[in-house]
Amino acid sequence: MQSSENRSVLMGQFMYAESVPLSIFGMANTTWTRRHILSLADFTPLEYDTVLQTATSFREVLSRRTKKVPTLQGQVVTNLFFEPSTRTRSSFELAAKRLSADILNFAPGTSSLSKGETILDTAKTYLAMGTDLMVIRHREAGVPQAIAREMDRLGVRVGVLNAGDGQHEHPSQALLDLFTICTLIDPDDPRLALLKDKKIAIVGDILHSRVARSNIWSLTASGAEVHLAGPPTLLPKLFEEFVGRQEAGARDWGLGARKEEEERGKIGERSQEPEFKTQNSELRTQNSLLPRKLFLHWSLEPAIKDADFVMTLRLQKERMTNHLLPSLREYHQQFGITRDRLKLCKPDVKVLHPGPVNRGVEISSDLMDDPQFSLISQQVTSGVAVRMALLYLMCSGKG
Ligand code: CP
């Protein structure tokens, strides 16, 4: 079948995800094999591009008058959010509804957790109701992985998606950030290679941020230079070795398909290293022929100088138990992103923030609302198309 015909079948009336090869997206000889999405540490360039292309197709669906397709009709998606969320929970719910899946929303406050039921037994209860995909957020790292392991042990064909686990990872947030950035550069053909040699600063509370960790994987996989900036208490020197150490650790989770990518090396050559790079900041990984380019700064200016994109992160006050900052005012003075500070960046610089935002702390309130610079609302919009793509791909990749 021709690619265009297949694409219309995807969006048409009788499409069921299991039967659709990814060749419909022009990705011949490739099928999505990853049942769970728990981390981006072992994502391949091909997988990133598959997500970006699939999200582009669903973005087109979302631009129609009728924004719903029957792609996941008959499938059950369960949102298991043990920690508060506005964006992630709602956009997974909307994504599932746009795909015609049935959606169950677990609310811890009104659940049987308060009667002593365990998290695993809660997951198994939803499994017994016929859940096909579980979207899981928990304040402790490793909970989605534990549930995925249990599903695999039981031999059931249920996909688990990590919607944020403690300080570990938030893969769907990083994928929607990637989609937002890539579609700004090429709206019709967003792909990983577009970011090669771009300078991207990630600023703020890196220590507590699962968003930063997932973004480090995706953005360094593209060949972009990723510059982390924050006070030493929120950006420990250990992050210099983050990619190397965590990649070894990520394999220990033992979950998710790890494919050898013939695609490696297609992205291009490495760029000149900047003068201010710290020791051990470049680490060649198993996942790409490109060296991952990661730089640390304990002041803002070198990180954002000539940057193409600045991603600022929420100060996670709820996770700060050790008085890590003198005051929010001083933090804003040193690391807050303002219009004035953006003059150091490229003239067409764009600012991202995963939300929720502490207005006037990590970013000035006027800048946050300025569409010339701020991509914050585009990030939220991208979230629905990207999450539709992830739900679709996980269903198609259940093996
Ligand atoms: N970015 C993000 O995860 O936001 P929520 O906590 O509102 O889901």
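Model, not experiment: these values are computed from the prediction. (Residues numbered from 1 in each chain as written. Predicted model: local features only at pLDDT ≥ 70, side-chain atom pairs only at ≥ 80, totals over all residues.)

(A) Just the pairing of strand S5 (residues 199-203), in detail. Within S5, 5 of the 5 residues are buried, which leaves it mostly tucked inside the rest of the structure. Burial along S5 is two-sided: the residues Lys199, Ala201 and Val203 and Ile200 and Ile202 are all buried. Sheet topology places S5 next to strand S6 (residues 225-229); 5 bridges connect them, and they run parallel. Residue pairing for S6: Lys199 is matched across the bridge by Glu225. Between the parallel pair S5 and S6, the chain is carried across by helix H7 (residues 210-221), and the sense of this crossover is right-handed. The pairing of S5 with strand S9 (residues 309-312) spans 4 bridges and is classified as parallel. The residue bridging Ala201 from the neighbouring strand is Val310, located in S9. (Buried ≥ 20, exposed ≤ 12 C-beta atoms within 10 Å, placed from the backbone. Helix = DSSP H or I, 4+ residues; strand = E, 2+ residues; numbered from the N terminus. Pairing = 2+ DSSP bridges. Right-handed = clockwise from strand over helix to strand, strands pointing away.)

(B) Focus on the nonpolar core. Formed by 102 residues in total, the largest nonpolar core has its most connected members in Ala201, Ile202, Val203, Val310, Ala389 and Leu391. Element by element, the count of residues in this core is highest for helix H13 (residues 376-396), at 12 residues. The contacts of Ala201, once residues within four sequence positions are left out, are His227, Ala229, Ala303, Ile304, Ala307, Val310 and Met311. (Core = buried A, V, L, I, M, F, W, Y, C linked by C-beta atoms within 7 Å. Contact = placed C-beta atoms within 7 Å.)

(C) Examining the confidence of the model for the protein more closely. Of the residues in the protein, 79% have a pLDDT of 70 or more, and the chain-wide mean is 83. Counted against residues more than four places away or in other chains, residues 1-29, with its pLDDT under 50, gives 38 contacts. Confidence drops under pLDDT 50 across residues 249-289; counting only partners more than four residues distant or on other chains, this segment forms 73 contacts. (pLDDT = per-residue confidence, 0-100.)

(D) Quick peek at the pairing of S9. The alternating pattern of S9 places Phe309 and Met311 and Val310 and Thr312 on opposite faces, both of which are buried. Judged from the 3 bridges that link them, S9 and strand S10 (residues 350-352) form a sheet pairing that is parallel. Directly across from Val310, in S10, lies its bridge partner Val351.

(E) Up close: unusual backbone geometry. For the peptide bond that leads from Gly355 to Pro356, omega is -10°, which places it in the cis range. Tracing the backbone through its elements, the reader meets Pro356 in the loop between S10 and helix H12 (365-368). In this structure, Asp197 is a non-glycine residue whose phi angle is positive, near 70°. With respect to the helices and strands, Asp197 occurs in the loop between helix H6 (171-185) and S5. Exposure remark for Asp197: the 15 C-beta atoms within 10 Å place this residue in the partly exposed category.

(F) Representation of the sheet that holds strand S4 (residues 159-165) in the model. Ordered by their spatial adjacency, 4 strands build an open sheet running S2-S1-S3-S4, and the pairing between neighbours is parallel. Of all strands in the sheet, those with a lone pairing partner are strand S2 (102-106) and S4, marking the two edges. The mean inter-strand angle of the sheet, taken between neighbouring strand axes irrespective of direction, is 15°. When strand S1 (residues 76-81) meets strand S3 (residues 133-138), the two strands line up parallel, connected through 5 bridges. Across the sheet, the residue bridging to Asn79 is Val135, located in S3. Running over the sheet, helix H3 (residues 87-98) touches S1, S2, S3 and S4 and is turned about 175° from S1. (Axes fitted to C-alpha atoms, helices over the stretch in contact; angles between N-to-C directions.)

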